[in-house]
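Next come the chains, spelled out residue by residue.
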Amino acid sequence: MTTPTLAVKVLRAPRARRRSSTTYLISLGVLAVMTLAAVFAPLIAPYDPDQVDFSAFYAGPSPEHWLGTDGLGRDILSRMIFGARTALLGPLLVVVSSTILGVLLGLLAGWRGGWIDAVLGRIFDVIFAFPALLIAILAVALFGKGLVAPVIAMSIAYAPFVARLTRTLVAAERNRPYVAAYRVQGFGGAWIALRRVLPNVTPIVGAQSTLNFGYVLAELAGLSFLGLGVQAPTADWGAMINEAQAGLIGGYFLPALVPAVAVVIVVVAVNVVGEELSDRIGGGTPA
Amino acid sequence: MTLLDISGLTLDLPNGNRLLDGISLDVSAGETVGLVGESGSGKSVTARSVLGLLPDRATTGGSVRLDGREVLGAPMGELLDLRRHRASMIFQDPRAGINPMRTIGDHMTETLRLCEGKSTAEARARAIELLHAVRLPRPEDHLRQYPHEFSGGMLQRVMIAGALTSSPRLLICDEPTTALDVTTQAEIITVLAEQRASRDMGMLFITHDLNLAASLCDRVVVMSGGRVEEHGDARRVFREPRAEYTKRLVAATPTIAVGEASVGRAVSAGERIETSAPDTRLPSAQSRYGAGAPTRPAAGPMLATLGLSKTYHRRGKEPVRAVADASIEIARGGALGVVGESGSGKSTLARMIVGLEQADAGDIRIAGRERTAAPRTRDERLAHARSVQMVFQDPYLSLDPRITAGRAIEDALRLHTRLASAEARTRVLELLDLVGLAEQHANARPRTLSGGQRQRVAIARALAIAPDVLVMDEATSALDVSVQAQVLDVVAEIRRERGLTVLFISHDLAVVRRVCEETVVMKDGEIVERGRTVRLLDAPEHPYTRLLIDSVPRPDWDLDAVMAEASIDALSATQG
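Residues numbered from 1 in each chain as written. Chains lettered and ligands numbered in written order. Predicted model: local features only at pLDDT ≥ 70, side-chain atom pairs only at ≥ 80, totals over all residues. Heavy atoms only, no water.

**Student:** Explanation requested: the overall build of chain B in the structure shown.
**Tutor:** Along chain B, the regular secondary structure elements total 23 helices and 20 strands. Computed over the C-alpha atoms, the radius of gyration of chain B is 26 Å, within 12% of the 25 Å expected from 2.2 N^0.38 for a compact globule of 576 residues. On the principal axes, the C-alpha backbone points of chain B span a range of 80 × 60 × 45 Å. When the 576 residues of chain B are sorted by exposure, 56% land in the buried category. Here chain B has roughly 23,600 Å² of accessible surface; of this, 49% comes from carbon and sulfur atoms. Put simply, chain B has 72 plus and 76 minus side-chain charges, and the middle of one group is 5 Å from the middle of the other. (Helix = DSSP H or I, 4+ residues; strand = E, 2+ residues; numbered from the N terminus. Rg over C-alpha atoms; globule rule 2.2 N^0.38 Å. Buried < 20%, exposed > 50% of the residue type's maximum accessible area, 1.4 Å probe, protein only. Areas by Shrake-Rupley, 256 points an atom, 1.4 Å probe, with all protein chains shown as cover. Lys, Arg positive; Asp, Glu negative; His and termini not counted. Charge placed at Lys NZ, Arg CZ, Asp CG, Glu CD.)

**Student:** What is the right way to look at the side chain of T165 of chain B in this model?
**Tutor:** All names here are of chain B. Tracing the sequence through the fold places T165 in the loop between α6 (152-164) and β7 (170-174). A distance of 3.2 Å separates the side chain of T165 from the side chain of T111, its partner in a polar contact. Engagement of the side chain of T165 in a polar contact is seen with the backbone oxygen of G162, the distance being 2.7 Å. Excluding residues within four positions of it along the chain, T165 makes contact with M108, T111, L112, E116, R126 and L130. (Polar contact = N/O pair within 3.5 Å; in protein donor to acceptor, adjacent residues only side chain to side chain. Contact = heavy atoms within 4.5 Å.)

**Student:** What am I meant to see in the sheet that holds strand β8 (residues 202-207) of chain B here?
**Tutor:** Sheets are built from strands paired through backbone hydrogen bonds, the pairs being either parallel or antiparallel. Residue and element names in this part refer to chain B. Spatially, β6-β7-β8-β3-β9-β10 is the arrangement adopted by the 6 strands of the open sheet, whose pairing is mixed. The open sheet has two edge strands with one neighbour each: β6 (87-90) and β10 (227-233). Sheet twist, expressed as the mean angle between neighbouring strand axes with direction ignored, is 15°. Of the strands in this sheet, β3 (32-36), β6, β7 and β8 touch helix α7 (residues 182-199), which is tilted by about 155° from β8. (Pairing = 2+ DSSP bridges. Axes fitted to C-alpha atoms, helices over the stretch in contact; angles between N-to-C directions.)

**Student:** What should I look at first to understand the side chain of S215 of chain B in this one?
**Tutor:** All names here are of chain B. Within the secondary structure, S215 sits in helix α8 (residues 210-216). On the accessibility criterion, S215 (14% relative accessible area) is buried. At a separation of 2.8 Å, a polar atom in the side chain of S215 contacts the main-chain carbonyl oxygen of L212. In contact with S215, other than residues within four places in its own chain, are R235, P553, R554, P555 and W557.

**Student:** Sorry if this is basic, but what is going on with the domain arrangement of chain B here?
**Tutor:** Interface size is commonly expressed as the accessible surface area that is lost when the partners come together. All names here are of chain B. What the domain assignment lists for chain B is domain 1 (1-86 + 170-253), domain 2 (97-167) and domain 3 (261-539). In this structure, domain 1 and domain 2 have C-alpha centres spaced 25 Å apart. Between domain 1 and domain 2, the residue contacts involve 15 residues of the former and 16 residues of the latter. Together, R84, V191 and R199 form the three largest contributors to the area buried by domain 1 at its contact with domain 2, with a combined 34%. Viewed at the interface, domain 2 and domain 1 are joined by 2 salt bridges. Its salt-bridge partner being R157, residue E187 comes within 2.7 Å of it at the nearest N-O pair. Counting residues per element, the ones that place at least two in the side of domain 1 that touches domain 2 are α2 (76-85) and α7. At 9 residues, α7 tops the list of elements feeding residues into the side of domain 1 that touches domain 2. When the residues that make up the side of domain 1 that touches domain 2 are grouped by side-chain class, the tally is 7 nonpolar, 4 polar and 4 charged. (Domains from an automatic or database assignment. Buried area = accessible area lost by both parts, 1.4 Å probe. Salt bridge = Lys/Arg side-chain N within 4 Å of Asp/Glu carboxyl O. Nonpolar A, V, L, I, M, F, W, Y, C, P; charged D, E, K, R; others polar.)

**Student:** Whenever I open this one, the environment of E493 of chain B confuses me. Can you help?
**Tutor:** Residue and element names in this part refer to chain B. With respect to the element layout, E493 can be found in helix α19 (residues 481-498). Exposure remark for E493: the relative accessible area of 14% places this residue in the buried category. E493 sits 47 residues away from P446 along the chain, and the two C-alpha atoms are 24 Å apart.

**Student:** Looking at this model, I keep getting lost on the packing of aromatic side chains. Mind explaining?
**Tutor:** To describe a pair of aromatic rings, one takes the distance between the centres and the angle between the planes. For the structure on display, the rule yields 7 aromatic pairs over all chains. Within the aromatic cluster, the residues linked to one another by ring pairs are Y178, Y182, F187 and W191 of chain A. (Phe/Tyr/Trp six-rings, centres within 6.5 Å; stacked < 30°, edge-to-face > 60°.)

**Student:** What exactly am I supposed to notice about unusual backbone geometry here?
**Tutor:** One can expect most non-glycine residues to show negative phi and most peptide bonds to be in trans. All names here are of chain B. Positive phi, close to 55°, is recorded for D67, a residue that is not glycine. Within the element layout of this structure, D67 appears in the loop between β4 (59-66) and β5 (69-70). The class for D67 is partly exposed, based on a relative accessible area of 24%. Backbone geometry at R135 places phi at a positive 65°, although glycine is not the residue there. Tracing the backbone through its elements, the reader meets R135 in the loop between α4 (120-133) and α5 (139-142).

Right under this line is the structure:
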């Protein structure tokens, strides 16, 4: 008896190349531009963000100052470019640390189940009950103004979002036959959870975290607007809106409008990218 | 009178794939035509086209005439009329085809009220009458029940009754019994045959099971790759296939009939294994795992369980006795089949042996070593894994979707051996070669492999560990017959070459007979009969074994006798 040789052709992956939507590409472009601006701020910005031009207070757009100047005669474009650093860095730190924290806790809860799952679940419920912004303000009240305390506080506040998702995905994955197959082969539980199950759920969790980025950005800008986050004179979009309040009464909208629009654009762009990513990944999840 | 006339039907997808290529067949009133083929042959697409259920943006050619009216290109209103009054369809999985939130009564009376304009009382009376016709025990009560209260077989009867509400001229059955146990399958087939006869309906019966088609149908159409391969009298096609493809299909189809050539071949292969002193041919544990590996005692059975029991305690429900007092024994290099229907406890038995479940009571010994307790240390875990490996039912789920075939095997090798990377890779290729795969498959992810290829990878992965015993839990049930035959050949060859001991779990007697010298039959967690497979099939002693054997469809199938036996078995079950 011989082994019949199959027509052993490896099938092509049946993944039709999907055309990316225009909005997705534009959003991706916006984020790329913002990131580049933040990274190369000193090279790109036409002026020092704190440099005062005494000849121009509340100046409108002109060849010298493309987006005009604020009440202290500082170039708005330069402040926007430098402001992108805190605007993007804060959310990035929050997203990275909340993802790490959330994934570890979610993996623990989903993989072990039982009382660990129950206890962690109740803790998440409690954190969910407080809005992230409230926790951040609380942290500022306890530890003082600046970016550090709110970033840590919001990392904790956002961790349950990631943890819940991870827990559900891991709990479903744990019952799949491939996990049983690993067990039968003699692999230990920790190895299977960390080396095999975790990578299988990471794409979906990553997409969720991308969405969190937008929310965190808006909330951190709000915190700076309230004067609790980034402190003057450091350029920051939220702080810029705060400083521009006085000008609004005098009819000078630009200093407030520019950073506000920037926040909206970035948040929308991040959401579009996040949605698209989770759609794509959701479509091709582990069978 | 011709009810359904399909001629020259072609169907193309927008991406240029031709799913159907010149299909022609016809069904007359009171006649059953079987549509037989493997997955991807286009049999379901053909059947669905009769009801105008075509894939999106598909282009069709040829004609499909139902009761004299053209279906292809018909306006929606006309299609609805055809679906309401002319033809009905029954699908493979009854649970997927019924709304779980609504009662059986809703399901049954909805079409009667909405399409035929009957009053609630009339619809109810008709529904009861139909449920009666499909032999459901208490139609009045069933109307108030929900789908989850029904077993798969009962639910399929509801679906049949539902399909009959419109008094169709043509009933299309798309693999209606594939998800069911053999004894349940026999019951459903009886109901279908009765209804066809009493209503003089035409029936288009789709199945992958050639035995079933030959036993139920008047004529069969064999399809492959979107073409009709052969067309003719059902028994003639089964006994003297003319087309090359049909010949191969018939040869690959396992049968329980005694004296068949393929059976003789399998059994003799098995006997050769027994007489070839397999101990010496076992892959040497010493050389592979280094001098520190334990030496295996030479005498005694390879696998022995004694009084193994497992009971599941469910919250708020009666405890379920999954396995009760199961004692089995397999000699070195032997193969034992465990046969039973769903819920018989055969999978639980397998899971206990491989250590995925812990037994409540009893004893498992593999190669003379105690393997009952859950391993506590890493060394114990690895030792347990080296004593027994398992191939799972569904190769689509038992391979990690992210890991390539080669990597999966390499992982297992590295866990159990100290091979260097290069050696491990060579060994992976050897193992792939052993199961009939090539180097190119090593880099393929499971998604890009076919079902048969995946199952070969799963076997290679299990063999990488060089286990004493290989447990195969319904390992070929999800595969097409020709692929199943290939995989079974691979297993037979490995057994011959390496003297592997196999515990083969299956619901399919014919497959077990092809693989195993000895067989035990399980029912409700108990082993009801055991013995040599040939003897078991030839002269079954327990009534349940006899029922199982007689429920397997074959060309000279006597359904009435099966039903009579089923009632005797049910009677003895209530008495016992």
